[in-house]
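Okay, here's what each chain looks like letter by letter:
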Amino acid sequence: MTGIVDSFGRSINYFRISVTDRCNLRCIYCMPPGGVPLIPHSEILSYEEIRAVARAAAELGINRIRLTGGEPLVRAELPRLIEMLSQTEGIEELSLTTNGTFLKKSAPELKQAGLTRVNVSLDTIKPDRFRDITRLGELKDVLEGIEAARDAGLHPVKINVVIMRGVNDEETLDFARMTHKEEWHVRFIELMPFNGGVESVPSAELRQHIGSLGKLEPRAPVTGNGPATYYRLPGAKGTIGFISPLTEPSFCFRCNRMRLSPDGKLRPCLLAADEIDLKMPLRNNSPMVELERLILKAVASKPEHHHLRGDPDCTGASLANRRMSRIGG
Ligand code: SAM
Ligand code: SF4
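Here is a short report on the structure shown in this document. Predicted, not measured: the structure shown is a model, and the values here were computed from it.

Each value, and the rule that gives it
- Residues numbered from 1 in each chain as written.
- Chains lettered and ligands numbered in written order.
- Predicted model: local features only at pLDDT ≥ 70, side-chain atom pairs only at ≥ 80, totals over all residues.
- Heavy atoms only, no water.
- Near = heavy atom within 4 Å.
- Nonpolar A, V, L, I, M, F, W, Y, C, P; charged D, E, K, R; others polar.
- Pairing = 2+ DSSP bridges.
- Helix = DSSP H or I, 4+ residues; strand = E, 2+ residues; numbered from the N terminus.
- Contact = heavy atoms within 4.5 Å.
- Axes fitted to C-alpha atoms, helices over the stretch in contact; angles between N-to-C directions.
- Expected span 1.5 Å × (residues − 1).
- Buried < 20%, exposed > 50% of the residue type's maximum accessible area, 1.4 Å probe, protein only.
- Phe/Tyr/Trp six-rings, centres within 6.5 Å; stacked < 30°, edge-to-face > 60°.
- Core = buried A, V, L, I, M, F, W, Y, C linked by side-chain atoms within 4.5 Å.
- Polar contact = N/O pair within 3.5 Å; in protein donor to acceptor, adjacent residues only side chain to side chain.
- Areas by Shrake-Rupley, 256 points an atom, 1.4 Å probe, with all protein chains shown as cover.
- Right-handed = clockwise from strand over helix to strand, strands pointing away.

**Examining the site of ligand 2**
In the region of ligand 2, the neighbouring residues are C23, L25, C27, C30, M31, G70 and N99. A per-class count over the shell around ligand 2 returns five nonpolar, two polar and no charged.

**What to know about the sheet that holds strand β5 (residues 93–98)**
As summarised here, the arrangement of the twelve strands in space is β9-β10-β11-β8-β7-β6-β5-β4-β3-β12-β13-β14, forming an open sheet in which the pairing is mixed. In this open sheet, the two strands that pair with only one neighbour each are β9 (217–219) and β14 (276–277). Relative to β14, strand β13 (residues 265–267) runs antiparallel, the two sharing two bridges. Bridging from a neighbouring strand, L266 pairs with I276 of β14. Seen against the sheet, helix α2 (residues 78–86) touches β4 (64–68) and β5 and runs at an angle of roughly 170° to β4.

**Topic: helix α5 (residues 139–151)**
Under the 1.5 Å per step criterion, the end-to-end length of α5 is 19 Å for 13 residues, consistent within 8% with the ideal 18 Å. Taken together, the buried positions of α5 are L139, V142, G145, I146, A148, A149 and R150. Taken together, the buried residues of α5 touch α3 (103–113), β6 (117–121), α4 (127–134) and β7 (158–162). At the C-terminal side of α5, G153 shows a positive phi close to 90°.

**Quick look at the packing of aromatic side chains**
Following the criterion strictly, the structure yields two aromatic pairs and no others. Look at F188 and F242: their rings are 5.8 Å apart centre to centre, the planes differ by 25°, and that puts the pair in the stacked class. In this pair, F188 sits in strand β8 (residues 185–189) while F242 sits in strand β11 (residues 239–243), placing the two residues 54 residues apart along the sequence. There is no split in this pair, since F188 and F242 are both buried. With a centroid separation of 5.8 Å and 70° between ring planes, the pair formed by Y231 and F242 is classed as edge-to-face. With Y231 in strand β10 (residues 229–232) and F242 in strand β11, this residue pair connects regions lying eleven residues apart in the sequence. Residue classification places Y231 among the buried residues on the basis of a relative accessible area of 17%. Classification of F242 as buried rests on a relative accessible area of 1%. Chaining the aromatic ring pairs together yields one cluster made of F188, Y231 and F242.

**Here we look at the nonpolar core**
One recurring pattern in soluble globular proteins is that nonpolar side chains are buried together. Among the nonpolar cores identified, the biggest contains 73 residues, and F15, L67, L78 and F188 are the most heavily contacted of them. The element that contributes the greatest number of residues to this core is helix α1 (residues 47–59), accounting for seven residues. L25, C30, M164 and L191 belong to the second largest nonpolar core, which has ten residues in total.

**A word on the site of ligand 1**
By nearness alone, 18 residues border ligand 1, and Y29, G70, E71, S121 and M192 come closest of all. Taking G70, its main chain carries an N or O atom lying 3.0 Å from a nitrogen atom of ligand 1. Measuring from a nitrogen atom of ligand 1, one finds a backbone N or O atom of M192 at 2.8 Å. The fraction of the free accessible surface of ligand 1 (540 Å²) that becomes covered by protein chains is 95%.

**Observations regarding the pairing of β10**
Relative to β10, β9 runs antiparallel, the two sharing three bridges. Bridging across to β10, R219 finds its partner in Y230. Inspection of the sheet shows β10 paired to β11 by three bridges, in the antiparallel sense. In the strand pairing of β11, Y230 is matched with G241. Where β10 folds back on β11, the antiparallel hairpin that results is connected by six residues, among which G235 adopts a positive phi of roughly 80°.

**Considerations on the pairing of β4**
Taken across its five residues, β4 has five buried, putting it largely inside the fold. Side chains R64, R66 and T68 of β4 all project onto a buried face; the interleaved residues I65 and L67 project onto the opposite face, where all are buried too. Bridge count for strand β3 (residues 14–18) against β4 is five bridges, and the pairing is parallel. Its bridge partner lying in β4, R16 is registered against R66. In this fold, β3 hands off to α1, which returns the chain to β4; that crossover is right-handed. Pairing of β4 with β5 involves four bridges; the strand directions are parallel.

So yeah, pure geometry; function would need other evidence.
Pasting the structure below:
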């Protein structure tokens, strides 16, 4: 077992690092149309500061890093950070979550810099609906980005889909069928009520609906040991995963991650407000042992589970100030 063991016996070996709160899209469930108040540039961790955190984390046994945002590919010179992190001793897997709009251009350079693989977020395969959901994007760019990532050897490409009732739920079977046609690893993520207004569809309901296409056979994870449970339709090239923060307690029992925000706050849980500041110690040139101590402290404070299920205080309104674009989804 690698990683740091938390108070509930979970092995924490995975850091999600949000490199920016900026994004070129405005997805309806993630950002308001005019965007969100931005963190000043001076408050955002430099690549050297991110590397210092990664080194301390790796020293403690963290061996997987995912870069996210905001949209990570809007940050200048991202391949430089990827190169720095991929050369960090102890980091075995370095991946990226992206909306895919800039992947076509950057996939070869990302691979060359040492990126292992990508997750691409895509909630519809209808061009008009894509414009409606993202408010600013073009579907074609993302589809070309997925191809480019595959051609560059960023395997396996996973496709993250958020199904929303009355918005894109009629495409559930179309996404499932894509796993037959292409080697798509589709993961349905339950919508978390950060931004109100749109309704989530429980994974169990999606699973039952997809069952109309054939028996879903349970599969081992495509890579790593993340929060998804995987299945395959008979004869399909790709897989179908479900990530169920709202309806399945295993989402928390299997949680292996910590999150670092663009301004250096280490968050033990996506859905809890607690965080530990690493920016100040970094800017005070604190030694690596101090960063390690703070990381261990944050892991020790990781809650057993979040309180979204059945907690009347956890409404969309109360979560609205904790947007995914800022925490790093
Ligand atoms: N911009 C990149 C992207 O869209 O992939 C990376 C950041 S985005 C915040 C990371 C993931 O969080 C995306 O897959 C997105 O669909 C998901 N996400 C954002 N808001 C969410 C919400 N309220 N509930 C569930 N997933 C959400
Ligand atoms: Fe941007 Fe990703 Fe949020 Fe969409 S989900 S607005 S692409 S950060």
